[in-house]
Amino acid sequence: MAKQDNIELEGEVVAELGNAMFRVLADVANQEIICTISGKIRKNFIRIIVGDRVKIEVSPYDLTRGRIVTRLKVNNSINQ
């Protein structure tokens, strides 16, 4: 299966399950997906905590499991 076949979604981390597994609430489907972190995130020691916005890849064959590809930046626009 090629990389182009994966479905990319955005969501928010709801729970940390341990062993680099997370439960992510997808924006589009409003469905909870169990995700693991990708190799680049693991290699670069990027920390993911509950409440982070993430981009995930889901296989079209199993829509309940995915892979966290990137952690998205949050814009904290506070009027100063």
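Here the structure is a predicted model, which is why all the values come from computation and not from measurement.

Turning next to the nonpolar core. As a rule of thumb, nonpolar side chains are buried together in soluble globular proteins. Counting 14 residues, the largest nonpolar core has Phe22, Val24, Ile33, Ile48, Val54, Ile56 and Ile68 as its most contacted members. Broken down by secondary-structure element, the contributors of at least two residues to this core are strand 1 (7–18), strand 2 (21–26), strand 3 (32–37) and strand 4 (53–59). When near neighbours in sequence (up to four residues on either side) are disregarded, Ile33 contacts Leu9, Phe22, Arg23, Val24, Ala26, Ile56, Val58, Leu63, Thr64, Arg65 and Gly66.

The next subject is the environment of Asp5. Tracing the chain through its elements places Asp5 in the segment before strand 1. Sequence separation of Asp5 and Val58 is 53 residues, and the distance between their C-alpha atoms is 9.2 Å.

Take Ser38: it is sitting in the loop between strand 3 and helix 1 (39–43). In this structure Ser38 touches Arg67, Ile68 and Val69, once residues within four positions along its chain are discounted.

For the rest of this paragraph, the subject is the pattern of salt bridges. Considering all chains together, one arrives at five salt bridges under this definition. When the shortest N-O distance is used, the salt bridge between Arg53 and Glu10 registers 3.9 Å. Here Glu10 lies in strand 1 and Arg53 lies in strand 4, a separation of 43 residues in the sequence. The salt bridge partner of Asp27 is Arg53, with a shortest N-O separation of 2.5 Å. Here Asp27, found in the loop between strand 2 and strand 3, pairs with Arg53, found in strand 4; they are 26 residues apart in sequence, far enough to count as distant. Salt bridges here are not isolated pairs; linked through shared partners, they connect Glu10, Asp27 and Arg53.

Even without being a glycine, Ala20 presents a positive backbone phi close to 60°. As for its position among the elements, Ala20 is in the loop between strand 1 and strand 2. In this structure, Phe45 takes a positive phi of about 55° despite not being glycine. Looking at the element boundaries, Phe45 is found in the loop between helix 1 and strand 4.

What counts and how
- Every chain is numbered on its own, with residues counted from 1 as its sequence reads.
- It should be noted that, the model being predicted, local features are given only for residues of pLDDT at least 70 and side-chain atom pairs only at 80 or more, the latter also being counted only at that level, while totals for whole chains, interfaces and linings use all residues.
- Neither water nor hydrogens contribute to the side-chain values; these are computed over all heavy atoms in the structure.
- Note on terminology: a nonpolar core comprises buried Ala, Val, Leu, Ile, Met, Phe, Trp, Tyr and Cys residues joined through side-chain atoms within 4.5 Å.
- Residue burial is assigned from relative accessible area. The probe radius is 1.4 Å, only protein chains are included, and a residue is buried under 20% of its type maximum, exposed over 50%, and partly exposed in between.
- Numbering goes from the N terminus for both helices and strands, where a helix is a DSSP run of H or I of at least four residues and a strand is a run of E of at least two.
- Any pair of residues with heavy atoms lying within 4.5 Å of one another is described as a contacting pair.
- We count a salt bridge whenever a side-chain nitrogen from Lys or Arg sits within 4 Å of a carboxyl oxygen from Asp or Glu.

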